[in-house]
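Tertiary structure, described
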Amino acid sequence: MSESITGNAAHYFVDRHLDSTTADKAAFIESDGLKRSLSYRQLAEESGRMAALYAAQGIRSEERAAMLVLDQIEFPHHLLGQSEGGNRTHRGQHTAWPPMSTIRSFATAMPAYCLYRRPCCQLCKPILENHAHLRAIFVIGDSSEHLDFNAELARCEARPALPTNPDASAFWLYSSGSTGQPKGVRHIHSSLKFTADTYGEQVLQIKEDDVVYSAAKFFFAYGLGNAMTFPMSVGATTVLLSGRPTPDIVLDIINTHNPSVFCGVPTLYAALIAHLNGGHATLDTQLRQCISAR
């Protein structure tokens with residue numbers, strides 16, 4: 001296989017699993033919402049359809065695609081589908097950003113395409129109505145105003161990953177804005193594999209039989225690695241939560257899905273300990289085992 005194909009992040013994280021024992025294994029499982037699952041084979045199919053959808057809408061390589069989507073199975077197949085098609089997703093904006101920050105990110109990225117989830121409608125409305133660069137707008141969920149993403153995707157035939165230079169831009173990830181306005185940071189295709197080969201393999205030591213849950217969301221670099229690239233690099237399974245990771249919900253995920261890798265932040269660990277000390281001490285041993293698994 002040519003280096004230009006293997007340089008495409010979608011090939012490394014999705015397509016190569018089709019010839020392995022992980023092809024029909026769950027890549028992602030939703031713990032809330034519709035509680036769907038997506039195998040590596042299905043992910044490859046949906047990512048290929050996503051690349052075809054870009055082509056059908058006339059979205060060219062090097063044009064940006066904005067995405068305001070929660071942690072659900074549409075997120076990975078959209079992000080990886082744009083990689084297959086050679087487009088550059090302007091994706092990393094926080095779904096809880098104030099409208100002005102989102103407006104600024106659209107102004108700097110000038111996306112030609114936008115995908116948003118129905119609950120984000122009020123955030124998106126002033127942007128979508130007044131953004132001259134947008135040529136295609138899709139929504140996950142019922143909408144009379146914009147195209148139904150899943151319905152349009154189902155009409156497309158999957159296409160293989162396009163040849164891509166490893167140093168080509170894969171996506172823009174927006175910073176949180178804690179030290180000023182959010183800034184778009186360019187990430188290249190090979191960076192995703194590099195972090196999986198170093199931190200994922202050598203530090204986290206993630207394995208194929210691991211089940212991962214990351215409290216940090218996809219729109220954070222920390223969450224994107226924990227929940228997507230590190231597990232997918234070895235064919236592991238990720239549990240997704242679209243809602244807020246409160247202590248009771250996180251503990252329910254741990255009890256229900258038995259993750260062997262749990263990725264959190266200090267404030268969440270403190271909140272979990274406080275919650276456990278408030279009458280849920282029977283979960284303490286299991287939580288400690290999960291946290292110490294890596």
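Model, not experiment: these values are computed from the prediction. (Residues numbered from 1 in each chain as written. Predicted model: local features only at pLDDT ≥ 70, side-chain atom pairs only at ≥ 80, totals over all residues. Heavy atoms only, no water.)

**Quick notes on the overall build of the protein chain**
Heads up, the rule is: Numbered from the N terminus, helices here are DSSP runs of H or I no shorter than four residues, and strands are runs of E no shorter than two. When a residue's accessible area, from a 1.4 Å probe over protein chains only, is under 20% of the maximum for its type it is buried; when over 50% it is exposed; and in between it is partly exposed. A contact between two residues is defined here by any heavy atoms of the two lying within 4.5 Å. Note that accessible areas follow from Shrake-Rupley with a 1.4 Å probe, and for residues the cover is restricted to the protein chains shown.
What the protein chain contains, in helices and strands, is twelve helices and twelve strands. Classification of the 294 residues of the protein chain by burial places 52% in the buried group. Taking the contacts inside the protein chain whose residues are at least 6 apart along the sequence as the reference set, 70% of them involve residues at least 24 apart. Of the roughly 13000 Å² of accessible surface on the protein chain, a fraction of 54% belongs to carbon and sulfur atoms.

**Regarding helix H10 (residues 247-257)**
In an α-helix, one full turn covers 3.6 residues, which means residues spaced three or four apart are oriented alike. Test applied: Directions from the helix axis toward the C-beta atoms define the arc.
Residues of H10 that are buried include every one of Pro247, Val250, Leu251, Ile253 and Ile254, and no others. Angularly, the buried residues of H10 cover 155° about the axis, an arc narrow enough to put them on a single face. After H10 finishes, the residue Asn258 shows a positive phi value of roughly 50°.

**Things to note about the packing of aromatic side chains**
What counts here: Pairing of aromatic rings covers Phe, Tyr and the six-membered ring of Trp, with a centre-to-centre limit of 6.5 Å; geometry is then stacked below 30 degrees between planes, edge-to-face above 60, and tilted otherwise.
Overall, the coordinates contain ten aromatic pairs when judged by the stated rule. For the pair Phe138 and Phe149, a centre-to-centre distance of 6.4 Å together with 85° between the ring planes defines the contact as edge-to-face. Of the two residues, Phe138 sits in strand S6 (residues 136-140) while Phe149 sits in helix H7 (residues 149-154), which places them eleven residues apart along the sequence. Take Phe138: its relative accessible area is 0%, and that puts it in the buried class.

**Side note on the confidence of the model for the protein chain**
Note the threshold: pLDDT measures how confident the predictor is about each residue, on a scale from 0 to 100.
Overall, the prediction assigns the protein chain a mean pLDDT of 81, with 78% of residues at 70 or greater. Per-element confidence in the protein chain is highest for strand S11 (residues 237-240), whose mean pLDDT is 98, and lowest for helix H1 (residues 3-6), whose mean pLDDT is 50. Throughout residues 1-5 the model reports pLDDT below 50, and contacts reaching past four residues in sequence, or to other chains, amount to eleven contacts. Here residues 92-96 is modelled with pLDDT under 50, and outside its nearest four sequence neighbours on either side it reaches 19 contacts, counting other chains as well.

**Remarks on unusual backbone geometry**
Even without a glycine there, the phi angle at Lys35 is positive, about 55°. Tracing the chain through its elements places Lys35 in the loop between strand S1 (26-30) and strand S2 (37-39). In the Ramachandran plot, Asn258 falls in the positive-phi region, its phi being about 50° despite a non-glycine side chain. Looking at the secondary structure, you find Asn258 in the loop between H10 and strand S12 (261-263).

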